[in-house]
Amino acid sequence: MKGVTVITHPLVQHNLTRLRDHRTRPQEFRRVLGQVAALMLYEATRSFAVRRTSVETPLAPAQGFSLSREVVLVPVLRAGLGMLDAILQLIPNARVGFIGLKREETTLRAQFYHKSLPKDLHRFEVILIDPMLATGGSTVAAVNLLSELRARHVRLVNLVAAPEGIRHVRRHCPDLPIFTAAVDRKLNDRGYIVPGLGDAGDRLFGV
Ligand code: PRP
Ligand code: URA
C-alpha cells in the first residue's frame, strides 16, 4: 500500500508476537511495547531531513550531519503513551504534545478529550504515535488537528493496522507516511483488529 512501510525486522516481529499473546501481562506488555517502539523508530526516522555540519574531533575537523528540524512526539492517549518513553530515550531533546481521543463504543467515532501541543508546529518533524489503527478515525482526527495547527512534516508510528483503517486514512490523509509492524486481516463487528492484540490501552494499564 502506498505510503505504508511494514517493518519486517525479525526483532520487531518477535516482539509483536509477544504483544499479541493473550498471556502477556501488563508489566511485560509495557516493556516489550517500549522495545518495539525503539526498534521501529530507526526505520520511521530514516527520511528525516539533515544538514551538513562540521565539528572538531580531538584530532581534526570532521564533516557530519545534524537534524534539520527539531522533533515533536505526539502520543495519542492512552495507548500511545506505551511507546513514548522509549522513543524519548532516543530523541531526548524532542518536545512532547498530547492528543486525547476516545472511541465511542457504539459509533466507533473518536472524540477529543485533551489537546496539548507546542506552537509553530510547521517548524518541526512531528511523530504521531498510536499503536492501533483500526477504523482509522482516531488517526484522521489527530492528523486533521495537527494540520489545523500548521504541522507540515507528520508521520505515524503504529504497531498494528487494519486494512479498512489504512484505506480510510489514505482517503483523508493521502500524504501521511505510516510505519507499522503489521497490517492485519480485518476489523470485527466491534471495530477491533483481528487478530490484533486486543485493547492496547487496557493491556498496557491493566484495566
Ligand atoms: C484505541 C487505540 C487507538 C484507537 C484506534 O484507543 O489506542 O487510538 O483506538 O481506533 P480507530 O482507528 O478505530 O480510531 P481508544 O479510543 O480505545 O482509547 P484508549 O487508548 O484510551 O484505550
Ligand atoms: N483499539 C485497540 O486498542 N484495539 C483494537 O483492536 C482496536 C482499537
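Just above, that's the structure.
Before going further, it helps to examine the site of ligand 1. Around ligand 1, a shell composed of 16 residues is seen, among which R78, R103, D130, T135 and S138 lie nearest. A distance of 2.7 Å is found between an oxygen atom of ligand 1 and a side-chain nitrogen or oxygen belonging to R78. Protein coverage of the free-state accessible area of ligand 1, which is 500 Å², stands at 95%. Applying the majority rule of atoms within 2 Å of the grid points places ligand 1 in the largest pocket. If one sorts the elements of the shell around ligand 1 by residue count, strand β6 (residues 98–103) sits on top with 3 residues.

Further remarks concern the nonpolar core. Most often, soluble globular proteins have nonpolar side chains that are buried together. The biggest cluster of nonpolar side chains holds 39 residues, and the ones touching the most others in it are I127 and L159. Per-element accounting of this core gives the leading share, 9 residues, to helix α2 (residues 26–44). Setting aside residues up to four positions removed in sequence, L159 forms contacts with L16, L19, L33, V36, M40, D130, P131, T180, A181, A182 and L197. Among the nonpolar cores identified, the runner-up in size contains 26 residues, and V76, I99, A141 and I178 belong to it.

By the secondary structure assignment, V74 is in strand β4 (residues 71–77). The exposure class of V74 is buried, given its relative accessible area of 0%. Linking V74 and V160, residues 86 residues apart in sequence, is a C-alpha distance of 18 Å. Ignoring sequence-local partners within four residues, the contact set of V74 consists of G97, I99, L117, V126, I127, L128, I129 and L146.

On to the site of ligand 2, then. Near ligand 2 the following residues occur: R103, M132, A134, G191, Y192, I193, G198, D199 and A200. For ligand 2, an oxygen atom lies 2.8 Å from a polar atom in the backbone of I193. Here a nitrogen atom of ligand 2 sits 2.8 Å away from a polar atom, N or O, in the main chain of G198. The fraction of the free accessible surface of ligand 2 (240 Å²) that becomes covered by protein chains is 88%. In this structure, ligand 2 is accommodated by the largest pocket. Of the residues contributing to the shell around ligand 2, the split by class is 5 nonpolar, 2 polar and 2 charged.

Let us now look at the layout of surface pockets. For the largest pocket, the calculated volume is near 630 Å³. The wall of the largest pocket is formed by 28 residues, among which K102, R103, M132, Y192 and D199 lie closest to the centre. At the level of secondary structure, the elements contributing two or more residues to the lining of the largest pocket comprise β4, β6, β9 (132–133), α4 (137–148) and α6 (200–205). The class makeup of the residues in the lining of the largest pocket is 12 nonpolar, 8 polar and 8 charged. Put simply, the second largest pocket is a space of about 160 Å³. Lining the second largest pocket, in full, are V143, S147, A151, R152, V154, C173, P174, D175, L176 and P177. Per-class residue counts for the lining of the second largest pocket are 7 nonpolar, 1 polar and 2 charged.

Relative orientation of the contacting elements α2 and helix α3 (residues 81–90) amounts to 50°, with a least axis distance of 8 Å. Comparing the axis directions of α2 and α3 gives the class oblique. Both α2 and α3 take part in a crossing whose hand is right-handed. Contacts between α2 and α3 involve R30, L33, G34, A37, A38, M40, L41 and Y42 on the former and, on the latter, G82, M83, A86, I87 and L90. Taken together, the residues that form the contact of α2 with α3 break down as 10 nonpolar, 2 polar and 1 charged.

Thresholds, definitions, all that
Residues numbered from 1 in each chain as written. Chains lettered and ligands numbered in written order. Predicted model: local features only at pLDDT ≥ 70, side-chain atom pairs only at ≥ 80, totals over all residues. Heavy atoms only, no water. Near = heavy atom within 4 Å. Polar contact = N/O pair within 3.5 Å; in protein donor to acceptor, adjacent residues only side chain to side chain. Areas by Shrake-Rupley, 256 points an atom, 1.4 Å probe, with all protein chains shown as cover. 1 Å grid on protein atoms, 1.4 Å probe; cavity = no way out; pocket = protein on both sides within 12 Å on 5 of 7 lines; lining within 4 Å. Sits in = over half its atoms within 2 Å of the grid points. Helix = DSSP H or I, 4+ residues; strand = E, 2+ residues; numbered from the N terminus. Core = buried A, V, L, I, M, F, W, Y, C linked by side-chain atoms within 4.5 Å. Buried < 20%, exposed > 50% of the residue type's maximum accessible area, 1.4 Å probe, protein only. Contact = heavy atoms within 4.5 Å. Nonpolar A, V, L, I, M, F, W, Y, C, P; charged D, E, K, R; others polar. Points joined across faces, edges and corners; volume = space filled by probe spheres on them. Axes fitted to C-alpha atoms, helices over the stretch in contact; angles between N-to-C directions. Parallel < 35°, antiparallel > 145°, perpendicular 65-115°, else oblique. Left-handed = near helix turned anticlockwise from the far one by under 90°.

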